[in-house]
Structures are given as structure tokens and as C-alpha cells.
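Residue-level listing of the chains:
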Amino acid sequence: MIEITNLEKEYKTGKQTMKAVKSVNLTIHEGEILGIVGESGSGKSTLGKMIIGLEAPTSGTITYNGKPLWQKNKYLRPRPGEIQTVFQDPQSSLDPRMRVKDIIMEPLLGLPSSDRKEKGDLNKLVELMKRVGLKEEHLDRFPHEFSGGQRQRIAIARALITDPSFIVLDEPTSALDVSVQAQVLNLLKELQRERQLTYLFISHNMEVIRYMCKRVAVMYKGELVEVGETQDVFENPQHPYTEKLLSSVLSVPTEEIAGGVPVAKGYF
Ligand code: ADP
Ligand code: MG
């Protein structure tokens, strides 16, 4: 579905240039949850931003279903709403002056009017609210009236309203409390299956990656140092950096918490 070839991103600050992403090659298959893991500053978000059109690549290509996403500095959006995102911090990604209803419907503004009518139908909206664990009466409220977990459910509804095929989730649960994280991860997993979505799932947390992703790519200082089936990467890491990431995780006992999710204590 997505083919990334020799992708690079340089940021210039004053006279200095730094490469946030270095010659990345990566394939994202339709219907999979592909994880990107790496410590803070390794270039994960920059990679995600180039796919969704927020940062233009310095060089290299990204194709989506065979068509390039970038032509020089111009983002060639596929069908409007086909690619959506959920960010880490629902506090800053939800406009505090907007009602939930308008926040969720906002992505429809970019769609043709027939689509807008169909996807913005009130019954469908209420159904979507319920599916993400919210209530109809929440539609007229403002973001500050909700908990962190609920705000992230609002962000998920906003991503789903356009019927996307592909979603970039950038640390979607990193700001949430332990038990709430597990619930939101389960919701994301169920939605992916139900709607046959493809996810690029970005996280610095190996346990979350293990729980969510069948395949994982490890980023280190802008480079992809390892890509493989999550189980293989966990059992037999090929790169010293992956080993280092894992060493902090594997010693932690797993336990069952909300929803029967096996998680490592202290890692959610
Ligand atoms: P991650 O998401 O893995 O934490 P980022 O992709 O956000 O990493 O950042 C990768 C590197 O690029 C970091 O060193 C960061 O400081 C730098 N960077 C990110 N965005 C910008 C920007 N807009 N201008 C300059 N440097 C940036
Ligand atoms: Mg980031």
C-alpha cells in the first residue's frame, strides 16, 4: 500500500543542518499494523509527517497504492480523508473552542458535498460516537469536559469519520494512564479489524508495540536499523540498539489488567 524509498528529511536551523530521517526504505502492507519504535528524537514523527503531508521530504519517494504522494514540495493527496491521523496529545490536537460534534465533523469539510452529507449523517455520527465508547449527549460538549482517554476517543472518531483506509497513529496512548491506555489500544485494535484499516503505529514503548503490531521497524538516529515480524525482532534482535530497547522491557513481568490485556507492569 505504501512504498517508501530512500526517504530523507533535513531540517535547517540557522546555518546548521540535521538529518531527522536518513535513507529510509520501508513497505507498509494493506491491512497490517506496522509499528515504528525508537527513542525520542529518532525521527519517528518526521517519518509519519511526510506520509500525511505535514513535512515535505528532502529527497526520496513515498508512493501510496502506486502513486507518488509528493511532487517536489507539493503533497498529492489521495482521496480526501483516505489518510487520517491520531496524535499523542488530545489536549493540543482538539480545538478547545469547538464542540465535539464540530471537531469530529471537521475532516468532512475537505470532502465533496455528497460525501459530506452521507458521512456526516446524524445517525451515523451517533453510531460512531457509541462505537468509540462515547455518548450522543457528548456531541454538544467541549473538549475540556472530558478525560484524557475520552479526548483520545474523540480524536479516533474524528479520524474515522471520513472512512479512511490508512491511519498514522503517533504515540496515541502515551499521554494516558495505564488502565486507560489498554482500553484505547483495544479499541484501536478492534476498529482496525472491523474496518480492515492499515495503521502506521508509532511508539517509543516496546510493550505497546508488541501488543499492537505484527511487524515492527526500529528507528535509531533517523535510520531504520531493523524491520521484521514483531515476534522475531523480540526473540532475536539483529541490531544492538534493538537489544538495548528490549533489555528494559523483557525483565518486566506481565500481568493482566483491564479488559484482559496482557501488559508489562509499568510500561503502559
Ligand atoms: P521522534 O518522533 O522519534 O521523537 P522527531 O521526528 O520528532 O523524533 O524528531 C527527529 C529529529 O528532528 C529530532 O532531533 C528533532 O529535534 C528534529 N526536528 C523535528 N522537527 C523539527 C523541526 N521542525 N525543525 C528542526 N528540527 C526538527
Ligand atoms: Mg514523535
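Our structure's up above, just so we're on the same page.
Residues numbered from 1 in each chain as written. Chains lettered and ligands numbered in written order. Predicted model: local features only at pLDDT ≥ 70, side-chain atom pairs only at ≥ 80, totals over all residues. Heavy atoms only, no water.

Peer 1: Quick question: what am I supposed to make of the overall build of the protein here?
Peer 2: When helices and strands are tallied, the protein shows 10 helices and 14 strands. The dimensions of the protein, computed from C-alpha atoms along their principal axes, are 50 × 50 × 35 Å. With 268 residues in all, the protein has 50% of them scored as buried. Partitioning the contacts of the protein with sequence separation of at least 6, the portion at a separation of at least 24 is 65%. Accessible area for the protein stands at about 13,000 Å²; split by element, carbon and sulfur atoms hold 46% of it. Considering the protein, the positive charge centre built from 35 side chains and the negative charge centre built from 35 side chains are found 5 Å apart. (Helix = DSSP H or I, 4+ residues; strand = E, 2+ residues; numbered from the N terminus. Buried < 20%, exposed > 50% of the residue type's maximum accessible area, 1.4 Å probe, protein only. Contact = heavy atoms within 4.5 Å. Areas by Shrake-Rupley, 256 points an atom, 1.4 Å probe, with all protein chains shown as cover. Lys, Arg positive; Asp, Glu negative; His and termini not counted. Charge placed at Lys NZ, Arg CZ, Asp CG, Glu CD.)

Peer 1: Please clarify how the side chain of Gln192 should be interpreted in this entry.
Peer 2: Looking at the element boundaries, Gln192 is found in helix α7 (residues 178-194). The residues touching Gln192, leaving out its near neighbours within four places in the chain, are Gly31, Glu32, Ile33, Leu197 and Tyr199.

Peer 1: Would you mind going over the layout of surface pockets with me for this structure?
Peer 2: Over the atoms rolls a probe the size of a water molecule, and its path tells where empty space is left. The calculated volume of the largest pocket comes to roughly 450 Å³. Along the walls of the largest pocket sit 21 residues, with Arg77, Ile83, Gln84, Thr85 and Pro107 positioned nearest its centre. Mapped onto the lining of the largest pocket, the elements with two or more residues apiece are β8 (83-86) and α6 (148-160). Looking at the lining of the largest pocket element by element, the count peaks at three residues for β8. For the lining of the largest pocket, the per-class residue count stands at nine nonpolar, seven polar and five charged. In this structure, the second largest pocket occupies an estimated 190 Å³ of space. What lines the second largest pocket is simply Lys119, Lys124, Leu125, Glu127, Leu128, Arg131, Leu160, Ile161, Asp163 and Arg195. With five residues, helix α5 (residues 122-131) is the largest single contributor of residues to the lining of the second largest pocket. Residue composition of the lining of the second largest pocket, by class: four nonpolar, no polar and six charged. (1 Å grid on protein atoms, 1.4 Å probe; cavity = no way out; pocket = protein on both sides within 12 Å on 5 of 7 lines; lining within 4 Å. Points joined across faces, edges and corners; volume = space filled by probe spheres on them. Nonpolar A, V, L, I, M, F, W, Y, C, P; charged D, E, K, R; others polar.)

Peer 1: Help me out: how do you make sense of the pattern of salt bridges in this one?
Peer 2: Side-chain pairs of opposite charge can arise where the charged atoms are in close proximity. Enumeration over the complete set of coordinates arrives at 13 salt bridges. Here Arg215 and Glu32 are joined by a salt bridge, their closest N and O atoms 2.8 Å apart. Placement of Arg215 in strand β11 (residues 215-220) and of Glu32 in the loop between β2 (16-28) and β3 (33-37) is noted, with a sequence separation of 183 residues between them. A single burial state applies to Arg215 and to Glu32, both of which are buried. Where Glu207 meets Arg210, a salt bridge forms, and the shortest distance between an N and an O atom there is 2.6 Å. (Salt bridge = Lys/Arg side-chain N within 4 Å of Asp/Glu carboxyl O.)

Peer 1: How should I be thinking about the nonpolar core in this particular structure?
Peer 2: As a rule of thumb, soluble globular proteins bury nonpolar side chains together. Ranked by size, the top nonpolar core spans 50 residues in total, and within it Ile104, Ile156, Phe201 and Met212 carry the most contacts. Looking at this core, the element that brings in the most residues is α6, giving six residues. Leave out the neighbours within four places in its chain, and Met212 touches Ile33, Leu185, Leu188, Lys189 and Phe201. (Core = buried A, V, L, I, M, F, W, Y, C linked by side-chain atoms within 4.5 Å.)

Peer 1: Is there a simple way to think about unusual backbone geometry in this case?
Peer 2: The phi angle at Asn6 is positive, at roughly 45°, despite the residue not being glycine. You can call Asn6 partly exposed: its relative accessible area is 43%. Of note, the phi angle at Ser23 is positive, near 25°, even though the residue is not glycine. A relative accessible area of 41% means that Ser23 is categorised as partly exposed.

Peer 1: Explain the sheet that holds β11 here, please?
Peer 2: Paired through backbone hydrogen bonds, the strands of a sheet run either parallel or antiparallel to each other. Read across the sheet, six strands follow the order β8-β9-β10-β3-β11-β12 without closing on themselves; strand pairing throughout is mixed. The open sheet has two edge strands with one neighbour each: β8 and β12 (223-229). On average, each strand axis in the sheet is inclined to that of its neighbour by 15°, with strand direction left out of account. Taken together, the four bridges between β3 and β11 define a ladder with parallel strand orientation. Note that in β11 the partner of Leu34 across the bridge is Arg215. Helix-sheet contacts for helix α1 (residues 44-52) involve β3, β8, β9 (166-170), β10 (198-203) and β11, and the interaxial angle to β10 is about 155°. On top of the sheet, α7 reaches β3, β9 and β10; it is set at about 155° to β10, its chief contact. (Pairing = 2+ DSSP bridges. Axes fitted to C-alpha atoms, helices over the stretch in contact; angles between N-to-C directions.)

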